[in-house]
Amino acid sequence: MLQVPNRQELMNLLDLAIHIRNLSFFILVLFYLRRSSVSLEFVAKERHERDETSKITGPWLEAIRYVLNKAPNAHYDTIFRSQFFDLNQHENMPLSEFVDVLCTNFTKYQRSTDDGSYQIVPTEKQKMFLQRIIRSEECFHFSEVGSGKTKVILPLLCQMFLSNNSEAHMHLARGGQAKNVLVVLVPEHLVVDARTQVLRYCLNLNFREEYRVYDDIFALLHDTVRLGVKPLGKYMSSETTRKPMKQIFVTSFNQFKKALTYDKICDKVWPYRENMLVIADEVDDFLDRDKLVFNICSNTNNSFDRPTLELYFEVSSAAYHSQTCPGALLDGSGNAPYWRQLLDKFGAIHAEIQDASQSVNKAFGIFNEQTLRHCSTNIAHDVEGYKSLIARPYESVNRAMPGSYYSDVERTIYLTFVILNEDISKYDELFQQERKFISFEYWSTHVHHIDYDDLVYGHDRLSELASKLPEIKQGLVRFLYEIILRRMEIRDKSRSVNSIDVVFNFDCIGFTGTPFIDNYPTFAYLRSESEHEIPSMIDRSFYVYSSDGLSQAEFEHRFACFQAQNENVRVEYVSSDFVQSCIEDELAILEHIFKRQLLSEQAFSEQACAPSAGCAPGSADEEGLNVVVDLCGIFKRSSIHDVRDLVLRSFGPDRFHYVYHIDQADSSDRVLSVNSDNDVQFDEEFYKFLCNTYGANLREKVFFFVDNRNVIGKD
């Protein structure tokens, strides 16, 4: 069975088929290539004046015409039909039985292990979860970490979408029209993995059926990519041509929102959104309203005129200082209701960032360089993000995620004003570049407390001037604020798209390992113009509130529903007070954790080998700590070599031979040797080497260090 992770590999295989003159392999790759959103064209003959040169002839021309539905070939149909799973034969099969069929087919994509079994076999729990996603009234669903959502559930959902099973599509319609466009949304770090899974499992379904799998949502910018188009082909069945062609787009949260700021894409999507279904992985990240916006600070000036810039300053200043804005100024703007509404909004944002429960530094912008506590490999990137002129969420600087800004351009504008006031030294460099353009008229109106020549031609930095002469600070802030707003790229009349816009306008389903999300009216709720209570977007049956006053038994039942049932798991909840005393020494914290774990292992071993247990000394299970996941970012300043040295000191040279880590630069899997500085990529070839070397004891020889700078859910 042919499985490919990306389009480039299909291109390579096509070259190989031509090189080795394998016609049947050539046809199969062409089938896959056409479904993977590649537009195929060919030139059989080339004419130059009166001369005509044949470029493609014989069986190769016949093969191309056959794949493109330009010529029938019953013999080829017989050969290639067996290479495709026919899901359309199960149109009237009950959903539970159809899920079993999909899971049986799924195993045939897997490699066989030494004992003859398949590497991945969908479990009963995964089958039930898949049915729950399809049937439930709730949009989003919780499944604990490691349950195979990306590796198993996502490709099975895509296969179900590409089938014609009537019960499945009845539920996927979510109370609206039948769906024939599927958008798969995943976080940035999972795009490659999700794309690989969809291409592996979705290119060899339903022989001769026309559908497309796109690995880039911006394919919609092409004129040839249209939604709801019916397949074309002289030799296609009438049943196939009656229905619109199914399409799958695999993209990230960021890219989908950015795509919806383009008029050309919106013109295609808006009238067809009732026929689109969005599948979102990591829904809790997707529904974070404050993470994403695509209005990037650039050197491209926008069309703000001076009165508009002055109004932005006055409204921002009034909200920041909790003052009223002069009514005459707003009334003379020509759009007074907008500016009054904006003043209320800025006031609400200002109150929000004063909330003691919020971390101003981390949630609403980078206010000082002390927040840049990262490992040395990313210092340049972090400082560059810090120096960004406009407000950026902490996540967009803390992680290498280009284009990750706030989801509301007006929030970006106001928070930029806040940062300009509270971290003015950040703009020293900008002021030094622009101070020579301060006019005499501006100086006399706003900053006349300082000599004009000292201001324009002096060498004092912005922060020094604001400290020496506080009375000129607001005048300098006004000057720089206008410059920053002019440089802010405002796309398409300030349009920005956030996750709530997606929920309001598209039918969505999805899943997450962190089920604590807010509730919003869904597209189905808005479409029906319902006035009933807004239904829950996620099953909250296992939520526990202190006001519930649950008994211990009921609490444990709900906790089990949340955490699921696992065996051979020992959990110890310990006080984290020691972290406060070691906050300046990250490695001291890690060393304390190692020592505590070693003592715990020793006590457990002694208990297991007590005479009453009938255990001989030394025979207890010696497996212990081999994973540290830094959820809180405690060890950001420590390099992986520092961690390796501590592992070596704490456990000795024989306990662990390698330290697994995630490269800070490109998020690749790597393995660092404990006894040398060899740091190699952790790929399939090296994994086979480890398996051959250590056998079943491999997991005891690798220490896993997972830093939250990168991917907690990474395989």
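Quick notes on the rules
- Residues numbered from 1 in each chain as written.
- Predicted model: local features only at pLDDT ≥ 70, side-chain atom pairs only at ≥ 80, totals over all residues.
- Heavy atoms only, no water.
- Helix = DSSP H or I, 4+ residues; strand = E, 2+ residues; numbered from the N terminus.
- Buried < 20%, exposed > 50% of the residue type's maximum accessible area, 1.4 Å probe, protein only.
- Contact = heavy atoms within 4.5 Å.
- Areas by Shrake-Rupley, 256 points an atom, 1.4 Å probe, with all protein chains shown as cover.
- Pairing = 2+ DSSP bridges.
- Axes fitted to C-alpha atoms, helices over the stretch in contact; angles between N-to-C directions.
- Arc of directions from axis to C-beta.
- Phe/Tyr/Trp six-rings, centres within 6.5 Å; stacked < 30°, edge-to-face > 60°.
- Lys NZ or Arg CZ within 6 Å of the ring centre and 35° of its normal.
- Salt bridge = Lys/Arg side-chain N within 4 Å of Asp/Glu carboxyl O.
- Core = buried A, V, L, I, M, F, W, Y, C linked by side-chain atoms within 4.5 Å.
- Patch = residues over 30% accessible without salt bridge, like charges linked within 9 Å, V, L, I, M, F, W, Y side chains within 5 Å.
- Expected span 1.5 Å × (residues − 1).
- Parallel < 35°, antiparallel > 145°, perpendicular 65-115°, else oblique.
- Left-handed = near helix turned anticlockwise from the far one by under 90°.
- pLDDT = per-residue confidence, 0-100.
- Polar contact = N/O pair within 3.5 Å; in protein donor to acceptor, adjacent residues only side chain to side chain.

K.L.:
What am I meant to see in the overall build of the protein here?
P.N.:
Per the secondary structure count, the protein includes 32 helices and 13 strands. Counting all 715 residues of the protein, 48% fall into the buried class. Pairs at least 24 residues apart make up 71% of the contacts formed inside the protein by residues separated by at least 6 positions. Split by element, the accessible area of the protein, about 36100 Å² in all, is 50% carbon and sulfur.

K.L.:
So what exactly am I meant to see when it comes to the sheet that holds strand β5 (residues 211–214) here?
P.N.:
One key point about sheets: their strands pair by backbone hydrogen bonds, in either a parallel or an antiparallel sense. A sheet is described by the order of its strands in space; here 6 strands give the open sequence β3-β8-β7-β4-β6-β5, paired in parallel fashion. At either margin of the open sheet sits one strand with a lone partner, and together these are β3 (140–142) and β5. Across the sheet, the mean angle separating the axes of adjacent strands is 15° when strand polarity is ignored. Sheet topology note: the β5/strand β6 (residues 246–252) ladder contains 4 bridges and is parallel. Each bridged residue has a counterpart across the sheet, and for Tyr211 the counterpart in β6 is Lys246.

K.L.:
Can you help me understand helix α32 (residues 684–694) in this one?
P.N.:
Residues spaced three or four apart along an α-helix point in a common direction, a consequence of the helix completing one turn every 3.6 residues. Listed in full, the buried residues belonging to α32 are Phe686, Leu690 and Tyr694. Take α32 and look down its axis: the buried residues cluster within an arc of 50°, on one side only. In α32, those exposed residues whose orientation departs by more than 90 degrees from the buried face are Glu685 and Asn692. With its phi angle positive at about 60°, Gly695 sits one or two positions after the end of α32.

K.L.:
What is the right way to look at the packing of aromatic side chains in this model?
P.N.:
Each aromatic ring pair is described using two quantities: the centre-to-centre distance and the angle formed by the ring planes. As enumerated under the stated definition, the model contains 40 aromatic pairs in all. On the numbers, 5.1 Å between centres and 50° between planes, the contact of Phe253 with Phe286 is tilted. Here Phe286 lies in helix α13 (residues 283–286) and Phe253 lies in helix α11 (residues 253–259), a separation of 33 residues in the sequence. Owing to a relative accessible area of 1%, Phe286 belongs among the buried residues under this scheme. Ring centres of Phe682 and Tyr687 lie 6.2 Å apart, and the angle between their planes is 90°; this geometry places the pair in the edge-to-face category. Judged by relative accessible area, Phe682 falls into the partly exposed class, the value being 25%. Over the ring of Tyr66 we find Arg208, and its NZ or CZ is 4.4 Å from the ring centre. Across the ring face of Trp270, the terminal group of Arg273 is positioned such that the distance to the ring centre comes to 3.7 Å.

K.L.:
Could you clarify how one ought to interpret the pairing of strand β1 (residues 45–48) in this entry?
P.N.:
Within a regular strand, the side chains alternate between the two sheet faces. In this sheet, strand β2 (residues 51–54) lies alongside β1 in antiparallel orientation, the contact comprising 4 bridges. From the neighbouring strand, Glu46 faces β2, where its bridge partner is Thr53. Turn length for the β1-β2 hairpin, with the two strands adjacent in sequence and antiparallel, is 2 residues, and the turn residue Glu49 shows positive phi of about 55°.

K.L.:
Before we go on, may I ask you to explain the pattern of salt bridges in this structure?
P.N.:
It is possible for side chains bearing opposite charge to pair when their charged atoms get close. One pass over the full model with this rule turns up 25 salt bridges. Here Arg7 and Asp215 are joined by a salt bridge, their closest N and O atoms 3.2 Å apart. With Arg7 in helix α1 (residues 7–19) and Asp215 in the loop between β5 and α10 (238–242), this pair connects stretches of sequence that are 208 residues apart. Each of Lys179, Glu274, Asp507 and Arg527 takes part in one network of salt bridges that share partners.

K.L.:
Sorry if this is basic, but what is going on with the sheet that holds strand β9 (residues 627–630) here?
P.N.:
Reading across from one edge, β9-β13-β10-β11-β12 is the order of the 5 strands in this open sheet, with mixed pairing throughout. Looking at which strands have only one partner, the edges of the open sheet turn out to be β9 and β12 (679–681). Adjacent strand axes in the sheet meet at a mean angle of 20° when their direction is disregarded. Pairing of strand β10 (residues 658–662) with strand β13 (residues 702–707), which is carried by 3 bridges, proceeds in the parallel orientation. The residue of β13 that forms the bridge with Tyr658 is Val702. In the packing of helix α31 (residues 640–655) onto the sheet, the strands contacted are β10, β11 (669–673) and β13, and the crossing angle to β11 comes to about 45°. Along the sheet, α32 contacts β10, β11 and β12; its crossing angle with β10, the most-contacted strand, is approximately 155°.

K.L.:
Is there a simple way to think about the nonpolar core in this case?
P.N.:
Nonpolar side chains tend toward joint burial in soluble globular proteins. Judged by nonpolar contacts, the single largest core of 69 residues is most densely connected at Phe31, Leu157, Met160 and Ile248. Formed by 52 residues, the second largest nonpolar core is a distinct cluster that contains Tyr312, Phe346, Leu465 and Val477.

K.L.:
Any chance you could explain a nonpolar patch on the surface here in plain terms?
P.N.:
A contiguous nonpolar patch, built from Val544, Phe555 and Phe559 and spanning about 240 Å² of accessible area, is present on the exposed surface. Among the structural elements, Phe559 can be located in helix α28 (residues 552–563).

K.L.:
Quick question: what am I supposed to make of helix α5 (residues 95–107) here?
P.N.:
The end-to-end C-alpha distance of α5, which contains 13 residues, comes to 19 Å, matching closely the 18 Å that a straight helix rising 1.5 Å per residue would cover. Within α5, burial applies to Leu95, Phe98, Val99, Leu102, Cys103, Asn105, Phe106 and Thr107. Against α6 (124–135), α7 (149–162), α8 (166–172) and α9 (191–202) lie the buried residues of α5.

K.L.:
Looking at this model, I keep getting lost on the packing of helix α16 (residues 336–354) against helix α20 (residues 409–422). Mind explaining?
P.N.:
A pair of packed helices is captured by two measures, namely the crossing angle of their axes and the spacing between those axes. Where α16 contacts α20, the two axes come as close as 10 Å, and the packing angle between them is 60°. Classified by the angle between their axes, α16 and α20 sit oblique to one another. Relative to α20, α16 is oriented so that their crossing is right-handed. Facing α16, whose interface residues are Tyr338, Leu342, Lys345, Phe346, Ile349, His350, Glu352 and Ile353, α20 presents Glu410, Arg411, Ile413, Tyr414, Leu415 and Val418.

K.L.:
When you look at the confidence of the model for the protein in this model, what are you seeing that I'm missing?
P.N.:
The predicted structure's coordinates, where accompanied by low pLDDT, should not be read in detail. Taken residue by residue, the protein gives an average pLDDT of 81. The fraction at 70 or more is 80%. Residue range residues 398–404 is modelled with pLDDT below 50. Its contacts to residues more than four positions away, or to other chains, number 21 contacts. Counting interchain partners and residues more than four positions distant, the pLDDT-below-50 stretch residues 709–715 has 28 contacts.

K.L.:
Please explain the side chain of Gln110 as it appears in this structure.
P.N.:
With respect to the secondary-structure elements, Gln110 resides in the loop between α5 and α6. Taking relative accessible area as the criterion, Gln110 reaches 9% and is therefore assigned buried. At 3.2 Å, the side chain of Gln110 and the backbone oxygen of Phe106 are in polar contact. Within polar-contact distance, the side chain of Gln110 engages the side chain of Tyr201 at 2.9 Å.

K.L.:
How should I be thinking about the environment of Arg558 in this particular structure?
P.N.:
With respect to the secondary-structure elements, Arg558 resides in helix α28. For the pair formed by Arg558 and Phe542, sequence separation is 16 residues and the distance between their alpha carbons is 4.8 Å. A polar contact is formed between the side chain of Arg558 and the backbone oxygen of Tyr543, at a distance of 2.7 Å.

K.L.:
I'm lost on unusual backbone geometry in this one. Help?
P.N.:
Most peptide bonds take the trans form, and the phi angle of most residues other than glycine is negative. Positive phi outside glycine occurs at Arg174, with the angle close to 55°. Considering the arrangement of structural elements, one finds Arg174 in the loop between α8 and β4 (181–186). What makes Arg174 buried here is its relative accessible area of 13%. With phi around 50°, Asn206 is a residue other than glycine that occupies positive phi space. Structurally, Asn206 is set in the loop between α9 and β5.

K.L.:
I keep staring at the environment of Leu430 and nothing clicks. Help me out?
P.N.:
Tracing the chain through its elements places Leu430 in helix α21 (residues 428–434). Since its relative accessible area comes to 5%, Leu430 is described here as buried. Sequence separation between Leu430 and Leu389 is 41 residues, and the spatial gap between their C-alpha atoms is 8.6 Å. Setting aside residues no more than four positions away along its own chain, Leu430 makes contact with Leu389, Leu480, Ile483, Ile484 and Arg487.

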